[in-house]
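# Tertiary structure, described
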Amino acid sequence: MPHIISRRSFIGTSGALAATLTTTAGAASLQSSTTARLKGLPLPAGARLPATPPRRKRDDSVGIAIVGLGGYALNQIMPRIEQAQRAHISALVSGNPEKLAQVGTAYGVPADARYAYEDFDRIAADDRIDAVYIILPTAFHADFTIRAFAAGKHVLCEKPMALSSAECEAMIAAGRRANRTLMIAYRCHFEPYNVEAMRLMRERAVGAIRLIRTDQSYRAGPTTPAQNWRFNRALAGGGPLEDYGLYGVQSALYLSGEMPDSISATTFQPKGDPRFTEIFAHVGAQWTFPSGAVAQLATAYDSAGANFGQVRGTDGTLIMDPATSYSGQRMRIEGRNARDFTPGDPTVQFAGQLDHFTSAIRDGTPILTDGEMGLRDLRLIEATYASARTGRTVRLAPDGRMLG
Ligand code: NDP
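Since the structure is predicted, the reported quantities are computational estimates derived from the model, not experimental observations.

Looking at the protein, the domain boundaries give domain 1 (9-187 + 363-369) and domain 2 (188-344 + 377-395). Relative to domain 2, the C-alpha centre of domain 1 lies at a distance of 24 Å. Contacts between domain 1 and domain 2 engage 39 residues on the former and 37 residues on the latter. A combined buried area of about 3,100 Å² lies between domain 1 and domain 2, and 57% of that area is made up of carbon and sulfur atoms. One can count 2 salt bridges joining domain 1 with domain 2.

Structure follows, in structure tokens:
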């Protein structure tokens, strides 16, 4: 059916279609007590700094400015940049001058390549910087992306791409104007288990897909929106859906190979809990696909931990548990083609993501996880909140825009 083909094609060719898209924001009914303000934080607990600075390996290595020296940057990304084929850290951007000096020394970044947020626009004149990797709270992704493009740099931006589809569109437009690369750091596209799962589902290893279930949840300790940006509406949006739950959104899309045509959702915001004065604690959604398949997505900051993906087809069930972690993935099929899978080391996803980005910059290869993919996902997030707010099923166009 043409309807199905167009939705499937959007998964693969979203970039071509997105040029014609318009904004349809569906903001959540949440109140924020603050506006988003940049703020330097102390060195995160358990931060791993290298004993000796990593070496640049190749002449064509891409110089990257890391923007935001938080937990993910320091503990996951920066220690693994050396494993990438042609990327090196050439500059740092931070709001904490002591941490900037300490991390700069450990990574061998010269003092004149260490920037404060207010100096960010000066990177335009710094030829050591080819690209920036934005690892800031979500509220700052759009602004720093647009400013990096204005400075003539390429951008790798952490997920979620931004707080709204309107911001995503502005980021994409800025990249086009500057003729620079924009990639969203959806690391699972470079992780062997998830890549193998995509391949298996394309080859109908469980038959025709009937039901997808995802659950990305954990129970957060005591905190408040002032203490933790993830619980702050102005900095993070609606909460777990944009953060952990986005892995479930992504999985449901790349495992089904389809765009949903409807979403119905519920949100839960417990009263009197200081963690959830500005964000939702739980989000649950049901999607329908043109093929007849259904996806059930759950995500929470206030339930026992889960990082789970399951695809049930007519002939068997794919089970991924944990599904999207940094390491330790497990995957099996039950049913007719029953077997366990061990397709590779999940930790290569970090370097693989960077290799993909630097190939696009140096060789002009296409970006798989581009701005249009980030925009598509923000549209689905907005549709989820719109459904929860109105109590109605939201119908979707093939590009994820709400039809009403
Ligand atoms: P952290 O809270 O650990 O660090 C965020 C950093 O952002 C801070 O250290 C600070 O850097 C900077 N910052 C600037 N303004 C603020 C502010 N107002 N409040 C808090 N921090 C501020 O966050 P994470 O490292 O966990 O997350 C950063 C980004 O990475 C997010 O987009 C998140 O979604 C993404 N992420 C992605 C993951 C993945 O698996 N792909 C996993 C974890 C996070 P400084 O002190 O240097 O100024």
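That shown, we press on.
A few words now on the layout of surface pockets. Where empty space is left can be seen by rolling a probe of water-molecule size over the atoms. In this model, the largest pocket occupies a volume close to 1,200 Å³. Taken together, 47 residues form the lining of the largest pocket, with Gly70, Gly71, Pro137, Trp229 and Arg230 sitting closest to its centre. Residue contributions to the lining of the largest pocket peak at 3 residues, all from helix H2 (residues 71-77). Grouping the amino acids of the lining of the largest pocket by side-chain chemistry returns 22 nonpolar, 17 polar and 8 charged. Each of domain 1 (9-187 + 363-369) and domain 2 (188-344 + 377-395) accounts for three or more of the residues forming the lining of the largest pocket.

In total, this model carries 12 aromatic pairs according to the counting rule given. On the numbers, 4.9 Å between centres and 35° between planes, the contact of Phe231 with Tyr301 is tilted. Taken as a pair, Phe231 in the loop between strand S7 (209-219) and helix H7 (233-236) and Tyr301 in the loop between strand S10 (294-300) and strand S11 (302-313) lie far apart in primary sequence, 70 residues in all. Residue Tyr301 is classed as buried on the basis of its relative accessible area of 1%. Ring plane angle 80° and centroid distance 6.4 Å describe the contact between Tyr244 and Tyr247, whose orientation is recorded as edge-to-face. Feature note: the residues Tyr218, Phe231, Tyr244, Tyr247, Phe276 and Tyr301 constitute an aromatic cluster, connected by ring pairs.

Looking now at the side chain of Ser251. Tracing the backbone shows Ser251 in helix H8 (residues 245-256). Ignoring anything within four residues of it in the chain, the contact list for Ser251 reads Thr214, Ser256 and Thr324.

Moving on: the sheet that holds S7. In spatial order, the strands read S14-S13-S12-S11-S7-S10-S9-S8-S15; together these 9 strands make up an open sheet with mixed pairing. What marks the edges here is a single partner per strand, and that holds for strand S14 (339-341) and strand S15 (394-395). One ladder, built from 5 bridges, connects strand S12 (residues 316-320) with strand S13 (residues 331-335); its direction is antiparallel. Counterpart to Gly316 in the pairing with S13 is Gly335. Its contacts with the sheet put H8 on S7, strand S9 (282-288), S10, S11 and S12, and the angle it makes with S7 is roughly 165°. In the packing of helix H10 (residues 371-390) onto the sheet, the strands contacted are strand S8 (262-268), S9 and S15, and the crossing angle to S8 comes to about 65°.

What follows covers the packing of helix H5 (residues 165-178) against H10. Following both chains from N to C, one finds H5 and H10 inclined at 170°, their axes separated by 9 Å at the closest point. It follows that H5 is roughly antiparallel to H10 by the angle criterion. Here Ser165, Cys168, Glu169, Ile172 and Arg176 of H5 come into contact with H10, specifically with Gly371, Glu372, Gly374, Leu375, Leu378, Arg379 and Glu382. Class assignment of the residues belonging to the contact of H5 with H10 gives a composition of 4 nonpolar, 3 polar and 5 charged.

Take unusual backbone geometry next. Between Lys159 and Pro160 the backbone carries a cis peptide bond, its omega angle lying at -15°. Mapped onto the fold, Pro160 is located in the loop between strand S5 (154-157) and H5. The amide bond that connects Asp321 to the next residue, Pro322, takes the cis arrangement and shows omega of 0°. Here Pro322 shows up in the loop between S12 and S13. Phi at Arg204 is positive, roughly 55°, even though this residue is not glycine. Relative to the elements of secondary structure, Arg204 occurs in the loop between helix H6 (192-202) and S7.

The subject of this paragraph is the pattern of salt bridges. One pass over the structure, following the stated rule, counts 22 salt bridges. For Arg332, the salt bridge goes to Glu334, with nearest N and O atoms at 2.9 Å. Using a relative accessible area of 33% as the deciding quantity, one classes Arg332 as partly exposed. Assessed through its relative accessible area of 36%, Glu334 is described here as partly exposed.

What follows is about the side chain of Thr145. Tracing the chain through its elements places Thr145 in helix H4 (residues 141-150). A relative accessible area of 0% means that Thr145 is categorised as buried. Among the polar contacts listed, one links the side chain of Thr145 to the backbone oxygen of His141, at a separation of 2.7 Å. With sequence-adjacent residues up to four places away left out, Thr145 is seen in contact with Ile134, Val155, Cys157, Met171 and Leu182.

Calculation rules
Residues numbered from 1 in each chain as written. Predicted model: local features only at pLDDT ≥ 70, side-chain atom pairs only at ≥ 80, totals over all residues. Heavy atoms only, no water. Domains from an automatic or database assignment. Contact = heavy atoms within 4.5 Å. Buried area = accessible area lost by both parts, 1.4 Å probe. Salt bridge = Lys/Arg side-chain N within 4 Å of Asp/Glu carboxyl O. 1 Å grid on protein atoms, 1.4 Å probe; cavity = no way out; pocket = protein on both sides within 12 Å on 5 of 7 lines; lining within 4 Å. Points joined across faces, edges and corners; volume = space filled by probe spheres on them. Helix = DSSP H or I, 4+ residues; strand = E, 2+ residues; numbered from the N terminus. Nonpolar A, V, L, I, M, F, W, Y, C, P; charged D, E, K, R; others polar. Phe/Tyr/Trp six-rings, centres within 6.5 Å; stacked < 30°, edge-to-face > 60°. Buried < 20%, exposed > 50% of the residue type's maximum accessible area, 1.4 Å probe, protein only. Pairing = 2+ DSSP bridges. Axes fitted to C-alpha atoms, helices over the stretch in contact; angles between N-to-C directions. Parallel < 35°, antiparallel > 145°, perpendicular 65-115°, else oblique. Polar contact = N/O pair within 3.5 Å; in protein donor to acceptor, adjacent residues only side chain to side chain.

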